[in-house]
Amino acid sequence: MPWAEQTGDLSWRVRYRREDDSIGSIPGFPDEKAAKTYIADMGTDQRRGSWIDPVAGQVTIAEFAPEWIDSLDVDQRTEENYQSFLKCHILPQWGSEPFSDMSNLGIRKWEKKLRAGKLAKTTVDSIIKCLSLMLTDAALEKIIAANPLQAKRRGRRRRNKRTPRKIWAEPHEVLAIADQVARYYSPAGALLILVAAWTGARWGELVGLQRHNVHLFDDNTGFIVIDPDNGALHEPNKGPLHLGPPKTEESARTITLPPFLVILLRQHLATLKHDHVFVTPSNQLHRRSNFARRALRPAADGNAQVKKPKVRLVAIKPGLTFHGLRHSHKTWMIDDGVPEIAQALRLGHVLEDKVQETYSHVAVAVEQRLLDALQTRWEKAVAGSSTELEHTHWRSAAA
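Below is a short write-up of the structure.

Rules used in this analysis
Residues numbered from 1 in each chain as written. Predicted model: local features only at pLDDT ≥ 70, side-chain atom pairs only at ≥ 80, totals over all residues. Heavy atoms only, no water. Helix = DSSP H or I, 4+ residues; strand = E, 2+ residues; numbered from the N terminus. Core = buried A, V, L, I, M, F, W, Y, C linked by side-chain atoms within 4.5 Å. Buried < 20%, exposed > 50% of the residue type's maximum accessible area, 1.4 Å probe, protein only. Contact = heavy atoms within 4.5 Å. Pairing = 2+ DSSP bridges. Axes fitted to C-alpha atoms, helices over the stretch in contact; angles between N-to-C directions. Parallel < 35°, antiparallel > 145°, perpendicular 65-115°, else oblique. Nonpolar A, V, L, I, M, F, W, Y, C, P; charged D, E, K, R; others polar.

With that settled, consider the environment of alanine 116. Along the chain, the position of alanine 116 falls in helix H4 (residues 104–116). C-alpha of alanine 116 to C-alpha of isoleucine 255: the two residues are 139 residues apart in sequence and 43 Å apart in space.

On to the nonpolar core, then. Of all hydrophobic cores here, the largest spans 61 residues; its most connected members are Val174, Leu194, Trp198, Phe291, Phe322 and Trp378. Mapped by element, the contributors of at least two residues to this core are helix H6 (171–184), helix H7 (187–199), helix H8 (203–207), helix H9 (259–271), helix H10 (288–301), helix H11 (322–335), helix H12 (340–347) and helix H14 (364–383). Sorting elements by how many residues they give to this core places H7 first, with nine residues. Once residues lying within four places of it in the same chain are set aside, the contact partners of phenylalanine 291 are Tyr185, Gly189, Leu192, Ile193, Trp203, His286, Leu296 and Phe322.

This part is about the pairing of strand E3 (residues 23–29). Bridge count for strand E2 (residues 11–17) against E3 is five bridges, and the pairing is antiparallel. Following the sheet pairing, tryptophan 12 is matched in E3 by phenylalanine 29. Where E2 folds back onto E3 in an antiparallel hairpin, the turn is made up of five residues, including aspartate 21, whose phi is positive at roughly 75°.

The N-to-C vectors of helix H2 (residues 61–71) and helix H3 (residues 76–94) enclose an angle of 175°; their axes lie 11 Å apart at closest approach. Judged by the inter-axis angle, H2 sits roughly antiparallel to H3. Residue-level contacts link Ile61, Ala62, Ala65, Trp68 and Ile69 of H2 to Glu79, Tyr82, Gln83, Leu86, Ile90, Leu91 and Trp94 of H3. Here the residues of the contact of H2 with H3 are counted per class, giving ten nonpolar, one polar and one charged.

Such coordinate-based values are descriptive only and should not be taken to indicate function.
Shown next as structure tokens:
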């Protein structure tokens, strides 16, 4: 039970016993009445479970951060990103700040400065999200009453920086890029481009794909399986590449293949000596940045700026990323009138409509129409391209 105690002629304090049996003190009351009023309010809050020991709020962000990082149950790459945000941005600004002094306006003012700098919008969003998660966990630990960071209610009508539109490619553009990858990098890299665009699978799902998860049949039907336990290759900032679960539970799925991909994959696997379906020309596991630099960027952007390149490449779809191939697949399915449920299941997306999710089976006829449309897109792309050049021979079996 808290009690009031006089400390001077015009000075009172509230004393209370903590859970560890130590005595806490809250000074600064002008008279006994003010101290007892606080005690009454304190008792009400304690019964509600909402009272916060003022001493707890004096814990600083820097003191709390190491224990918070150790408590996170996230994948290795996410934890490394949070550690980077803390080291480079959050701790330099807020490390010595007590939790009790954190305010929504103060954080939003700092966020505004970050956005005015050279950081990308997504990076700033991620930094603020990291800080907000820490503040929420501090509230759960009774260090502060609540997360002071509140959702924005006001903003400018026009943004200074518009979010760039996602770049996607038509089938003939994807094929032209793949041909340049085959010429400049390797035919296996070219096939990786095609499989990404015609299945919508993510980077980690494809470079983590293993032979036993590829099923090809004599009638040129087939499918690949994204395993729930090791269906994706993970690239930590530190340490070796390793297999692990895909992005979400919905990402574990079966993706059917159009006939031309079955033919090309069968041809590819017949000459491959590796457990993974897609590896580098030196039989190593792929890294996203290396593949982008050595294969996709030159093939999509061209290399006109390079003096005396070993192969001259023309610009086909500047700025197209590997994720842009997945976005292309989504765009194609929308254009072909594929039902939203079938799109979500193929891409491993979460269905927001729980009623749709309950009835998320896709009829065989719908799946076949989807594959027929993808095959038609391939055939039209091939018909509009040259098959006589040497660097297109890698795909001649499916032409």
